[in-house]
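# Structure at a glance
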Amino acid sequence: MDKLVVEGGLRLKGEVKVSGSKNSVLPILAATLLTDAPCVIKGVPNLRDTVTMMRILRALGKSVEFDKGTVEVRAGRQHNLVADYKLVSTMRASFCVLGPLLGRFKKAKVSLPGGCVIGVRPVDLHIKGIRMLGGRVDIESGYIVAKTPGLKGTHIYLGGVYGSSVLATDNVMMAAVLARGKTVIEAAACEPEVADLGEFLIKMGARIKGHGTPTIEIEGVKHLRGTEHTIISDRIEAGTFIIASLMTKGDITIRNTSVRHLGALFDKLQEAGVAVRSAENGVRVSYRGKIKPVNVTTLPYPGFPTDMQAQMMSLMSVTEGISLITEKIYPDRFMHVPELNRMGARIQREGPHAIVEGVRYLSGAQVMASDLRASASLVLAALRAKGKTQIHRIYHLERGYEEIESKLQSLGARVWREKE
Ligand code: EPZ
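An account of the accompanying structure is given in this report. (Residues numbered from 1 in each chain as written. Predicted model: local features only at pLDDT ≥ 70, side-chain atom pairs only at ≥ 80, totals over all residues. Heavy atoms only, no water.)

## Some details on the overall build of the protein chain
Looking only at helices and strands, the protein chain has 14 helices and 24 strands in total. Rg of the C-alpha trace for the protein chain: 21 Å, near the compact-globule value of 22 Å for 420 residues, within the 12% margin. Along the first, second and third principal axes, the C-alpha atoms of the protein chain reach 65 × 45 × 40 Å. The buried share among the 420 residues of the protein chain stands at 59%. Within the protein chain, contacts between residues at least 6 apart in sequence are counted, and of these 72% link residues at least 24 apart. Accessible surface for the protein chain amounts to roughly 16700 Å². Of this, 51% is attributable to carbon and sulfur atoms. The averaged location of the 41 negative side-chain charges in the protein chain is 1 Å from the averaged location of its 58 positive side-chain charges. (Helix = DSSP H or I, 4+ residues; strand = E, 2+ residues; numbered from the N terminus. Rg over C-alpha atoms; globule rule 2.2 N^0.38 Å. Buried < 20%, exposed > 50% of the residue type's maximum accessible area, 1.4 Å probe, protein only. Contact = heavy atoms within 4.5 Å. Areas by Shrake-Rupley, 256 points an atom, 1.4 Å probe, with all protein chains shown as cover. Lys, Arg positive; Asp, Glu negative; His and termini not counted. Charge placed at Lys NZ, Arg CZ, Asp CG, Glu CD.)

This is the structure:
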């Protein structure tokens, strides 16, 4: 295992290009199961999670080539309809192969994903949608075993206790595109990554309206063709570099990102007195002096993204004053709190809230990465901290940030990798 070592206190300056969106490419790779025709997907980041999904597609019988950001998925010699525990348990998103497998082959056996450090991660909404489409779903020794004589379109309310579900919306959408008749998904997730999946399915010949809005309408079709698609850029990676610029009192231009997809973050930063300026094919964020503390509550899109909560907490930990951060999507998503406190932050957790009292300095320390975005928040804190920080278990970081060290080094950061 490797660790990341960061020498903090340097201002980051220059420009960085954001990679393709992890959370868009994962369901789109799953969608290639809906056809035997070749699919070409461009702008794919080289991440642990994208490589895992390609391995799952190969295990399901696909032939997958990945070279310089382009994935070519073709039919293999035979179809396998079992997604096994070993692979699914390493990455929850692989659960979204259920919808396409059932929709196309009328049966599927997919391991239930485990929980993870950010929460229990139930799949009740996925199962509800599949059952309402006419799928028979049983749970047998940790696997979802689903079968159907043929899925039939219907009206599905997919809202849960925490609001909409991204991957449940993806799973149900992918099951419905080959179902007989019309499906309406109400309380659908509106994340840009769901909209991107909808675009991909439409290019394959699916008939979908309203993807990216709370109500998605799908007219089932008989079969889907292959297509070519370029993934949208990763708004969470962009947001992470925006915070990096502010944490280090720097000046960074972030290319290949869209202002459109980060409205809630920009709104909060504006409230904090930060000017985010548009730049060619991106944004420019320069530290302009004192940042004000702000309160943040995470919500489904277009609300403040839970995937940016830990990064915002890092910024608030060095912002004079008191901030209240409330996590409405994953109330336990605070693994970064004890690690930030080891670096001198003053954060107190109260259930789904974290009370952050800004401090003037953080100090380098040995810290432990736990989940993808918590790891990102530790890197951000380390870039600001005085002295050296060692971040252990950085495989969590590699799940979602492509070439993070070289991107940070290109901005002037002193960061390198060492063997544990
Ligand atoms: C997606 O996970 C993202 N992952 C997550 O990003 C992201 O944090 C999350 O959406 C919320 O935006 C991918 O897209 C691969 P949800 P997903 O279903 O779809 C509850 C990252 O860091 N829920 O939208 O699994 C759930 O417990 C990752 O890149 C149910 O109750 O999340 C949560 O409280 C982490 N029943 C809320 O809904 C269900 O059946 C939202 O979860 C499903 C979910």
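## Focus on helix H6 (residues 166–176)
Within H6, 10 of the 11 residues are buried, which leaves it mostly tucked inside the rest of the structure. Within the span of H6, buried status applies to Leu167, Ala168, Thr169, Asp170, Asn171, Val172, Met173, Met174, Ala175 and Ala176. For H6, the N-terminal cap is serine 165; the gap from its side-chain oxygen to the backbone nitrogen of alanine 168 is 3.1 Å. (Polar contact = N/O pair within 3.5 Å; in protein donor to acceptor, adjacent residues only side chain to side chain.)

## Things to note about the pattern of salt bridges
Taken as a whole and judged by the stated rule, the model has 26 salt bridges. Taking the shortest distance from any N to any O, the salt bridge between arginine 284 and aspartate 251 comes out at 2.6 Å. With a gap of 33 residues between them, arginine 284 in strand E17 (residues 282–286) and aspartate 251 in strand E15 (residues 251–255) connect regions that are remote in the sequence. A residue is classified by how much of its surface remains accessible, and arginine 284, at 33% relative accessible area, is partly exposed. Salt bridges sharing common partners tie together Asp2, Arg48, Glu398, Glu405, Arg417 and Lys419. (Salt bridge = Lys/Arg side-chain N within 4 Å of Asp/Glu carboxyl O.)

## Some thoughts on the environment of glycine 303
Here glycine 303 shows up in the loop between strand E18 (296–298) and helix H10 (309–317). Judged by its relative accessible area of 16%, glycine 303 is buried. As for glycine 303 and glycine 263, which are separated by 40 residues in sequence, their C-alpha atoms are 8.3 Å apart.

## A look at the pairing of strand E9 (residues 143–147)
Across the 5 residues that make up E9, a large majority, 4, are buried. Across 5 bridges, strand E7 (residues 107–111) lies against E9 in antiparallel orientation. Looking at the pairing, serine 111 lines up with tyrosine 143 of E9. Bridging between strand E8 (residues 136–140) and E9 involves 5 bridges; their strand directions are antiparallel. Within E9, the position partnered with valine 137 by the bridge is alanine 146. The antiparallel hairpin formed by E8 and E9 contains 2 residues in its connecting segment, where serine 141 sits at a positive phi of about 40°. (Pairing = 2+ DSSP bridges.)

## Some points on the layout of surface pockets
In this model, the second largest pocket occupies a volume close to 380 Å³. Considering the residues around the second largest pocket, the lining is formed by 16 residues, among which Lys249, Val318, Val359, Arg360 and Arg384 are closest to the centre. Residues belonging to the lining of the second largest pocket are distributed by class as follows: 8 nonpolar, 2 polar and 6 charged. (1 Å grid on protein atoms, 1.4 Å probe; cavity = no way out; pocket = protein on both sides within 12 Å on 5 of 7 lines; lining within 4 Å. Points joined across faces, edges and corners; volume = space filled by probe spheres on them. Nonpolar A, V, L, I, M, F, W, Y, C, P; charged D, E, K, R; others polar.)

## A short note on the nonpolar core
Core analysis: the largest hydrophobic core is formed by 69 residues, its most contacted members being Val97 and Leu201. Broken down by element, the residue count for this core peaks at 7 residues, all from H6. Beyond its immediate stretch of four places on either side in the chain, valine 97 contacts Ala30, Leu33, Met53, Ile56, Leu60, Ala83, Val110 and Asn171. Val16, Val318, Val359 and Ala376 belong to the second-largest nonpolar core, a separate cluster that totals 66 residues. (Core = buried A, V, L, I, M, F, W, Y, C linked by side-chain atoms within 4.5 Å.)

## What about the sheet that holds strand E3 (residues 39–42)?
Strand order in the open sheet formed by 4 strands is E4-E5-E3-E14, and the pairing between neighbours is mixed. The two strands at the open ends of the sheet, each matched to only one other strand, are strand E4 (62–67) and strand E14 (228–230). Averaged over all pairs of adjacent strands, the angle between strand axes in this sheet comes to 15°, irrespective of strand direction. Set on the sheet, helix H7 (residues 192–203) makes contact with E3 and E14; between it and E14 the angle comes to about 160°. (Axes fitted to C-alpha atoms, helices over the stretch in contact; angles between N-to-C directions.)

## Some words on the packing of aromatic side chains
According to the stated counting rule, one finds 0 aromatic pairs in the structure shown. Residue placement shows lysine 109 over the ring face of tyrosine 143; its charged tip is 5.0 Å from the ring centre. Positioned above the aromatic ring of tyrosine 361 is the side chain of lysine 386, whose terminal nitrogen or guanidinium carbon lies 4.4 Å from the ring centre. (Phe/Tyr/Trp six-rings, centres within 6.5 Å; stacked < 30°, edge-to-face > 60°. Lys NZ or Arg CZ within 6 Å of the ring centre and 35° of its normal.)

## Considering the site of the ligand
Lining the immediate environment of the ligand, one finds 23 residues, of which Arg92, Asp124, Ser165, Asp307 and Ile329 sit closest. Between aspartate 124 and the ligand, the recorded distance is 2.7 Å, taken from a side-chain N or O atom to a nitrogen atom. A distance of 2.8 Å separates an oxygen atom of the ligand from a polar atom in the backbone of leucine 125. Isolated, the ligand exposes 820 Å² of accessible area, and the fraction of that covered by the protein chains is 92%. Going through the elements one at a time, helix H1 (22–31), helix H5 (124–132), H6 and helix H12 (372–384) are the ones with two or more residues in the shell around the ligand. Looking at which element gives the most residues to the shell around the ligand, the answer is H5, with 3 residues. Along the lines of polarity and charge, the residues of the shell around the ligand split into 11 nonpolar, 5 polar and 7 charged. (Near = heavy atom within 4 Å.)

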